[in-house]
Amino acid sequence: MESYTNKFSILLSEDKTEAVLNFYQLAPSWSEEDGHPNGGVIVQEVLPIASLVMTRQCVENFSKSLQELLSQDPKA
């Protein structure tokens, strides 16, 4: 299953042996002000998509893979 994400955060354990990667989607949402349907505004909602707990080695491998992928010539 694929999910769209456009925001993330990374937390590292105190001993730096594990990391938690949290992925979110920033999405517009309609908010009614004072209960009036015509008095609403569009706000940005932060929706949780996924959380991954990874060992330090896994995070390092993931980081290396991303760097290699992003350093490739996009026209190649």
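Residues numbered from 1 in each chain as written. Predicted model: local features only at pLDDT ≥ 70, side-chain atom pairs only at ≥ 80, totals over all residues. Heavy atoms only, no water.

**Looking at the side chain of Asn22**
In this fold, Asn22 is placed in strand β2 (residues 18–33). With a relative accessible area of 10%, Asn22 lands in the buried category. Looking at Asn22, its side chain comes within polar contact range of the side chain of Ser51, at 2.6 Å. In this view, Asn22 contacts Lys7, Phe8, Ser9, Leu11, Ala50 and Ser51; residues no more than four positions away in its chain are not counted. (Helix = DSSP H or I, 4+ residues; strand = E, 2+ residues; numbered from the N terminus. Buried < 20%, exposed > 50% of the residue type's maximum accessible area, 1.4 Å probe, protein only. Polar contact = N/O pair within 3.5 Å; in protein donor to acceptor, adjacent residues only side chain to side chain. Contact = heavy atoms within 4.5 Å.)

**As for a nonpolar patch on the surface**
Together, Phe62, Leu66, Leu69 and Leu70 give the surface a local cluster of nonpolar side chains, amounting to about 400 Å² of exposed area. Relative to the helices and strands, Phe62 is located in helix α1 (residues 56–71). The exposure class assigned to Phe62 is partly exposed, which follows from its relative accessible area of 36%. (Patch = residues over 30% accessible without salt bridge, like charges linked within 9 Å, V, L, I, M, F, W, Y side chains within 5 Å. Areas by Shrake-Rupley, 256 points an atom, 1.4 Å probe, with all protein chains shown as cover. Salt bridge = Lys/Arg side-chain N within 4 Å of Asp/Glu carboxyl O.)

**A few points about unusual backbone geometry**
Excluding glycine, a negative phi dihedral is what most residues carry, and trans is how most peptide bonds are arranged. Of note, the phi angle at Lys16 is positive, near 60 degrees, even though the residue is not glycine. Inspection of the secondary structure assignment puts Lys16 in the loop between β1 (7–12) and β2.

**Focus on the confidence of the model for the protein**
For the protein, per-residue confidence averages 90 on the pLDDT scale, and residues scoring 70 or more make up 89% of the total. Per-residue pLDDT, averaged within each element of the protein, yields its smallest value for strand β3 (residues 36–55) (86) and its largest for β1 (97). (pLDDT = per-residue confidence, 0-100.)

**A closer look at the environment of Phe23**
Here Phe23 lies in strand β2. Residues Phe23 and Ser3, 20 residues apart in the sequence, show an inter-C-alpha distance of 9.8 Å. Ignoring anything within four residues of it in the chain, the contact list for Phe23 reads Thr5, Lys7, Phe8, Leu47, Pro48, Ile49, Ala50 and Leu52.

**Remarks on the environment of Thr5**
By the secondary structure assignment, Thr5 is in the segment before β1. With a relative accessible area of 33%, Thr5 lands in the partly exposed category. In contact with Thr5, not counting residues within four places along its chain, are Phe23 and Tyr24. At 2.6 Å, the side chain of Thr5 and the backbone oxygen of Tyr24 are in polar contact.

**Things to note about the pattern of salt bridges**
Under the defined criterion, the tally for this structure stands at one salt bridge. Put simply, Glu60 and Arg56 hold a salt bridge, and the shortest N to O gap is 3.0 Å. On the criterion of helical spacing, the pair formed by Glu60 and Arg56 is a turn pair, its members being four residues apart in helix α1. Residue classification places Glu60 among the partly exposed positions, given a relative accessible area of 38%. Residue class for Arg56 comes out partly exposed when judged on its relative accessible area of 43%.

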